[in-house]
Amino acid sequence: MSKFLLIKKKIKTFNKQIYVSGDKSLSIRWVLLASQATGKSKGYNLLMSEDVLAALDSIKKLGIKVRMYKNYCEILGNGINGFKYKKNLTINARNSGTLGRLLLGLLIKAPQKIKLIGDESLSKRDFSRVTLPLEKFGVKFYYKIKNKLPLAIIGSEFPKGIKYLEDKGSAQCKSSVMFAALNSSGTTFIRAKKSRNHSELLFKYLKIPIKIKKTKKYDFINIKQPKKIMAFNYEIPGDISSSAFFMVLTTLTNNSKLLIKDVNTNPSRTGVITILKKMGAKILLKNQRNYRGEKISDILIESSNNLKAINCPSELNSSAIDEFLVIFLVAAKAKGISYFKNVSELNQKESPRLKWGSKILNMMGIKTKLTKDSIKIHGQPNLDITKNIVIKNYLKDHRVFMMSAIAALTCGGQWKIHDKSSIDTSFPSFLKILNKINDK
Ligand code: S3P
């Protein structure tokens, strides 16, 4: 298989129906929580991507049995604190910040040193955002380079509940502490800035003692240690972050229509829909239903040729955090200057996405004004690229690759996009689905 993707033509009008693969956040959470349950859990429509495979490999290394069947994955949980800790254990979270950070929350009782490593991209990311709160449980961390992977963790014998103020709007930080609370006596109190709430909904469904009080800006969560977690079957809904690439593809292609079936539309994840609709995109949620507290919908998108710039309200940042690269593409084709502020968290992702987004837009001939935590994008509704563009994605960021493919198919030009295998991180079937939409 060639290592790069060549796109020389824009996509033609389409009218299609697709399914995207299972949600990454929910897949990783199901794997980790099933490992703490007592007995056999089955996961259906689990995302079979590198990040989730890394999660399965990690729990296997910790003594949990995993079996793969044609239609589902089975995990034989060993109960809370049921991991088996072999000597000199190294766990590889590969590219996944979610896995690395959430798993540390489950390791707070590890009786001996466990090493956590990751790939080049993950090794550049900050881990102090979870190690600092986890230290309050009595856990110790050792680094080669401060706050970065590789690190080693030694747990505490009797961790006690903590008070934690989460101020970044990071679901990874919140969930890491929530997972640690499963292994701690007493109560853990968290005041968290709004972020995706899949962990809370799963805790509620699993009858883990959790109380949540919501205010406009913060969620106040308190968790008591459960006696036991019941084994649970779960059908993972489609991933809205994967869907977002096709929402933008349809919005920016003339006379086209797309129905994406069975997508998780939890309101803490739908910022991309709110933002695109404010910009004039035509997006409709149909057939809405509830599955164990999660909202699921079919998403209908129609092309729009009347896009306007946005001054994006910062309250939407967390619920659209993984979708900004494709949102920037819509801004590039909208009338006026769009402004996205307080988005420094984008530079903490698999690659510095605020910088990358700006750089790619500049290559496309779009003017941007970039600061440490904001970007202004000067839209060109008639943008039609004719030049050659080469994207070398040195940290192999899956979303940089997919954003570039959508840009090529909607804005023209001859594109050579490197690191095709990066899609395996979150969305291995991305190109297959793209071909299905493109096939006349
Ligand atoms: C995730 C939370 C987000 C998101 C990531 C998945 C999760 O990260 O960017 O892709 O599953 O909890 P932060 O919590 O760091 O914002």
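Residues numbered from 1 in each chain as written. Predicted model: local features only at pLDDT ≥ 70, side-chain atom pairs only at ≥ 80, totals over all residues. Heavy atoms only, no water.

A. Expanded view of the site of the ligand. Inspection of the region around the ligand gives Ser 25, Arg 29, Thr 98, Arg 129, Ser 170, Ala 171, Gln 172, Arg 196, Ile 321, Asp 322 and Lys 349 as its neighbouring residues. Between the ligand and the protein, one listed contact pairs an oxygen atom with a side-chain N or O atom of Asp 322 at 2.6 Å. Coverage of the ligand by the protein amounts to 95% of the 380 Å² it exposes when considered alone. Broken down by secondary-structure element, the contributors of at least two residues to the shell around the ligand are α1 (24-36) and α5 (171-181). When grouped by side-chain class, the residues that make up the shell around the ligand number 2 nonpolar, 4 polar and 5 charged. (Near = heavy atom within 4 Å. Polar contact = N/O pair within 3.5 Å; in protein donor to acceptor, adjacent residues only side chain to side chain. Areas by Shrake-Rupley, 256 points an atom, 1.4 Å probe, with all protein chains shown as cover. Helix = DSSP H or I, 4+ residues; strand = E, 2+ residues; numbered from the N terminus. Nonpolar A, V, L, I, M, F, W, Y, C, P; charged D, E, K, R; others polar.)

B. Fine view of the pairing of strand β9 (residues 151-154). Bridge count between strand β7 (residues 114-117) and β9: 3 bridges; the pairing is antiparallel. Bridge pairing in β9 places Ile 114 opposite Ile 153. Relative to β9, strand β8 (residues 140-143) is paired through 4 bridges, and the arrangement is antiparallel. Across the sheet, residue Lys 140 finds its bridge partner in β9, namely Ile 154. (Pairing = 2+ DSSP bridges.)

C. Spotlight on the packing of aromatic side chains. Counted under the stated rule, the structure contains 15 aromatic pairs. Here the aromatic rings of Tyr 205 and Phe 232 are separated by 6.5 Å at their centres, their planes lie at 55 degrees, and the arrangement is tilted. Here Tyr 205, found in helix α6 (residues 198-205), pairs with Phe 232, found in the loop between β13 (218-224) and β14 (234-235); they are 27 residues apart in sequence, far enough to count as distant. Seen from their ring centres, Phe 232 and Tyr 234 are 6.3 Å apart, and the 80 degrees between their planes marks the pair as edge-to-face. A relative accessible area of 2% means that Tyr 234 is categorised as buried. Through a chain of ring-to-ring contacts, the aromatic side chains of Tyr 205, Phe 232, Tyr 234 and Tyr 291 assemble into a single cluster. (Phe/Tyr/Trp six-rings, centres within 6.5 Å; stacked < 30°, edge-to-face > 60°. Buried < 20%, exposed > 50% of the residue type's maximum accessible area, 1.4 Å probe, protein only.)

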